[in-house]
Amino acid sequence: MKHPIPRIRRHAPPDNGGRLLQREVLRLVLHLPLGHRELATPVSHALEVYLRNAGLGADAFTEYSLGEEPMPLDADGWVDIRDTLAPPPRDAFLDERTEESFLKQKVKEQFDRTVELSIGATGVTGYGFFYWARLPWRPPVQDQVSLVSFSWPTEHLESHGPERMQAEIMQLAALLPYVSGHAGLAFSSPNLWGPSMKDLHEEALRYPGLDVTHGQRDLGSRVDGVHWLNFLGPEVLTQVGGAEALRSRLHSPSTTVQPLGDNRAVVTLGVEPEAGDLLRGDTLPAYRELAHVLEPWLFPHPEHVSWRDCPPGMARRWWRRFLD
């Protein structure tokens, strides 16, 4: 690859096993404006395609979680996963349920279905799958979306090449009815919603192309930042004026805007994902250009979000790294 990917790894202390706790990955995140009733079949299919294309068997992951503490993944675990990903019963809407304890538990959990596949004792490998389905209210909560993500170790990207990885990502995205989505370099750790910024905030600010979030649950039709591949669904693409209007506003020679049919498009920033490096003056100008064009539709920095044990304002500074 033309642009080397920085190796950012954190291990547990030797007396605690020394396993890998944090690392860089290539990750695809899709925001889905539907509930599990509509997503059960396409998400199950996408998981099968992801495992097959990555060359992963049923034993590739050692743990799974259905919204609770991780459990060892064995044949019975796969039965639990398939049951969770199966289509819901006809009376799945919470508005149609009367059991008060059931409703309170669902509201407390904040999700309808969730599945996470991970690695246990051996540490973070870079492969991962996560699905979070929004609560099935009728009508649904405004702006709330479901999420699905897939990840690969950067070694997988380097070994197969960005062209093949882009084709695999495009195939997965085509299977799912996203409102928006993205793929690019990111940090990964056992803490699903992001590594401890206490350890990684300096690297996050140095390498702006590495994402530290894992999607936004209340995204609505806005866009979750700027990345290597930027998927725009019908509502988002209409808001920005369509693929041709968007292309006319982007002048970086490395940027392409590709219509995908069904009023969808993907904006690709270069032939491969880049981390950038502010210490070397690599500010990722193509990323900055797209961020300024999309700024009216970007998800704003939640003022209540901060990075624990980091200097004040650090989270907002990272959030606006391509704008300020």
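Before reading further, recall that the structure is shown in the block above.
All of the points below concern the structure found in this document. Quick caveat: nothing in here was measured; it's all calculated off a predicted structure.

1. Focus on the environment of aspartate 83
By the secondary structure assignment, aspartate 83 is in helix H2 (residues 75-85). Aspartate 83 gets classed as exposed once you look at its relative accessible area, which sits at 52%. Spatially, the C-alpha atoms of aspartate 83 and alanine 60 are 20 Å apart, while their sequence positions differ by 23 residues.

2. Some details on the environment of leucine 172
Within the secondary structure, leucine 172 sits in helix H5 (residues 162-174). Accessibility expressed as a relative area gives 1% for leucine 172, which makes it buried. C-alpha of leucine 172 to C-alpha of proline 42: the two residues are 130 residues apart in sequence and 9.7 Å apart in space. Setting aside its immediate chain neighbours within four residues, leucine 172 contacts Leu28, Ala46, Val49, Tyr50, Phe150 and Trp152.

3. Notes on the side chain of threonine 255
Structurally, the position occupied by threonine 255 is in strand E10 (residues 255-261). Given the relative accessible area of 14%, threonine 255 is considered buried. Ignoring anything within four residues of it in the chain, the contact list for threonine 255 reads Leu250, Val267, Thr268, Leu269 and Ala286.

4. Quick notes on the packing of helix H1 (residues 36-53) against H2
Close contact between H1 and H2 brings their axes to 9 Å; oriented N to C, the two are set at 140°. Taken together, H1 and H2 sit at an angle that is classed as oblique. Together, His36, Ala40, Val43, Ser44, Leu47 and Leu51 of H1 and Trp78, Thr84 and Leu85 of H2 make up the contact between the two elements.

5. A look at the pattern of salt bridges
This structure, assessed with the given rule, holds 15 salt bridges. Among the salt bridges present, the one from arginine 222 reaches aspartate 143, with a minimum N-O distance of 3.8 Å. Taken together, the positions of arginine 222 in the loop between helix H6 (197-206) and strand E9 (229-232) and aspartate 143 in the loop between strand E6 (128-133) and strand E7 (146-153) put the pair 79 residues apart, joining distant regions of the chain. Aspartate 143 sits in the partly exposed class, given a relative accessible area of 35%. When the shortest N-O distance is used, the salt bridge between aspartate 324 and arginine 320 registers 2.9 Å.

Each value, and the rule that gives it
- Residues numbered from 1 in each chain as written.
- Predicted model: local features only at pLDDT ≥ 70, side-chain atom pairs only at ≥ 80, totals over all residues.
- Heavy atoms only, no water.
- Helix = DSSP H or I, 4+ residues; strand = E, 2+ residues; numbered from the N terminus.
- Buried < 20%, exposed > 50% of the residue type's maximum accessible area, 1.4 Å probe, protein only.
- Contact = heavy atoms within 4.5 Å.
- Axes fitted to C-alpha atoms, helices over the stretch in contact; angles between N-to-C directions.
- Parallel < 35°, antiparallel > 145°, perpendicular 65-115°, else oblique.
- Salt bridge = Lys/Arg side-chain N within 4 Å of Asp/Glu carboxyl O.

Honestly, it's all geometry; don't read function into it.
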